[in-house]
Amino acid sequence: MSTKNILSLGPIAARQLSTATVTIPQWDYITPRWLLSILPYVNVDGGAYRINRVIDKKGKGGSLLPELATVGGGENELPTTYVDYEEDPQEIELSAITTVLHTHTRITDLYSNKIDQLREQVRLTVEAVKEREEHEIINNAEFGLLNKVAPAYRIKTRKGPPTPDDLDELLNLIWKRPAFFLAHPKAIAAFGREATRRGVPPVVVHLFGSPFITWRGVPLIPSNKLPIAKDGTTRILLLRVGEDKRGVVGLQKVGVAGEVEPGLSVRYSGTSDNSIASHLVTRYFSLAVLAEDALASLDGVVLSHYHEYV
């Protein structure tokens, strides 16, 4: 390279003495996972969660309630009663998401400074585990929300696109303390279009530092884990949550060895003759629906309907 007419140090040479400011690895796969933040979790100390239910029994007049009496004065004969329980209650065993993380000790020794290589590998693996957990909470064939909706609590849209009337029908089903709707972001956008078209744009609230639209005061929580069928339709769920409300609860085991956060452990499991260090990453979890009227689904939600505004 000719040095003719060069009066000062050039940028290429100067960069050899500088240190770049680097970021931690950015991964588009990671989502906010609002569902895992808003769903209350119950600690399952023994590894299994038993749901004890009352057996409905018909009393006089066909009532399913215990025999009771409302009395005024006088010497009234009082009824006798008791409340019976199922003898073979449902038990839910915790599932596990697990993997073995491999890192070469030479890599973690030589190429860690302000950003620790092992810590970043663990962080990204944990992020993947949490993404998988949200997917399973929604889609798992045994305990996922989509597969735990009772037939009586599944309804279809009136005309395809999700309208305020459709969400009102869900609220009619889950009228006992509804907590939130759960929907694909595209379904939430479709509902916003229909509500705005009818002159009732949804109210926005802020949760976890982010805006969410609501209907009748109930927030619509987005998750891209809700599937979109080949015909372009999806489902919108409505949940009541909390053990004290006979709702939907997440299940986890707290206090496991190597726990880095409740129910999630990272345990060192040795180094091979090839200097490969292994860490076992495990998340124990499941889901329980305590009552049929805690979960409802709006099926056949069309996402591709748009309006022309003049």
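Just so you know, these numbers come straight off a predicted model, no measurement behind them.

Quick question: what am I supposed to make of a negative patch on the surface here?
Together, Asp84, Glu86, Glu87 and Asp88 make up a negatively charged patch on the protein surface. Position of Glu86 among the secondary structure elements: in the loop between strand E2 (48–51) and strand E3 (90–93).

Whenever I open this one, the pairing of strand E10 (residues 233–239) confuses me. Can you help?
Within E10, 7 of the 7 residues are buried, which leaves it mostly tucked inside the rest of the structure. Pairing of E10 with strand E15 (residues 295–302) involves 6 bridges; the strand directions are antiparallel. The residue of E15 that forms the bridge with Thr233 is Val302.

I'm lost on helix H6 (residues 185–197) in this one. Help?
Residues that lie three or four places apart on an α-helix share one face, since the helix turns once every 3.6 residues. Given a rise of 1.5 Å per residue, 13 residues ought to cover 18 Å, and the 18 Å separating the end C-alpha atoms of H6 matches this to within 8%. Along H6, the residues that are buried comprise Ala187, Ile188, Ala190, Phe191, Gly192, Arg193, Glu194 and Ala195. The elements touched by buried residues of H6 are helix H5 (164–173), strand E6 (180–183), strand E8 (210–215), strand E9 (218–222), E10 and E15.

How should I be thinking about the sheet that holds E10 in this particular structure?
Working definition: the strands of a sheet are paired by backbone hydrogen bonds and lie parallel or antiparallel to each other. A sheet is described by the order of its strands in space; here 7 strands give the open sequence E5-E15-E10-E6-E9-E8-E7, paired in mixed fashion. Looking along the sheet, the strands with just one partner apiece sit at the ends: strand E5 (154–156) and strand E7 (204–207). Pairs of neighbouring strands in the sheet enclose a mean axial angle of 30°, with direction left out of account. Where E8 and E9 come together, 2 bridges link them in antiparallel fashion. Across the sheet, Thr214 pairs through a bridge with Pro219, a residue of E9. Across the sheet, H5 touches E5, E6, E8, E9, E10 and E15, and the angle it forms with E15 is around 160°.

Cut-offs used in this document
Residues numbered from 1 in each chain as written. Predicted model: local features only at pLDDT ≥ 70, side-chain atom pairs only at ≥ 80, totals over all residues. Heavy atoms only, no water. Patch = residues over 30% accessible without salt bridge, like charges linked within 9 Å, V, L, I, M, F, W, Y side chains within 5 Å. Areas by Shrake-Rupley, 256 points an atom, 1.4 Å probe, with all protein chains shown as cover. Salt bridge = Lys/Arg side-chain N within 4 Å of Asp/Glu carboxyl O. Lys, Arg positive; Asp, Glu negative; His and termini not counted. Charge placed at Lys NZ, Arg CZ, Asp CG, Glu CD. Helix = DSSP H or I, 4+ residues; strand = E, 2+ residues; numbered from the N terminus. Buried < 20%, exposed > 50% of the residue type's maximum accessible area, 1.4 Å probe, protein only. Pairing = 2+ DSSP bridges. Expected span 1.5 Å × (residues − 1). Contact = heavy atoms within 4.5 Å. Axes fitted to C-alpha atoms, helices over the stretch in contact; angles between N-to-C directions.

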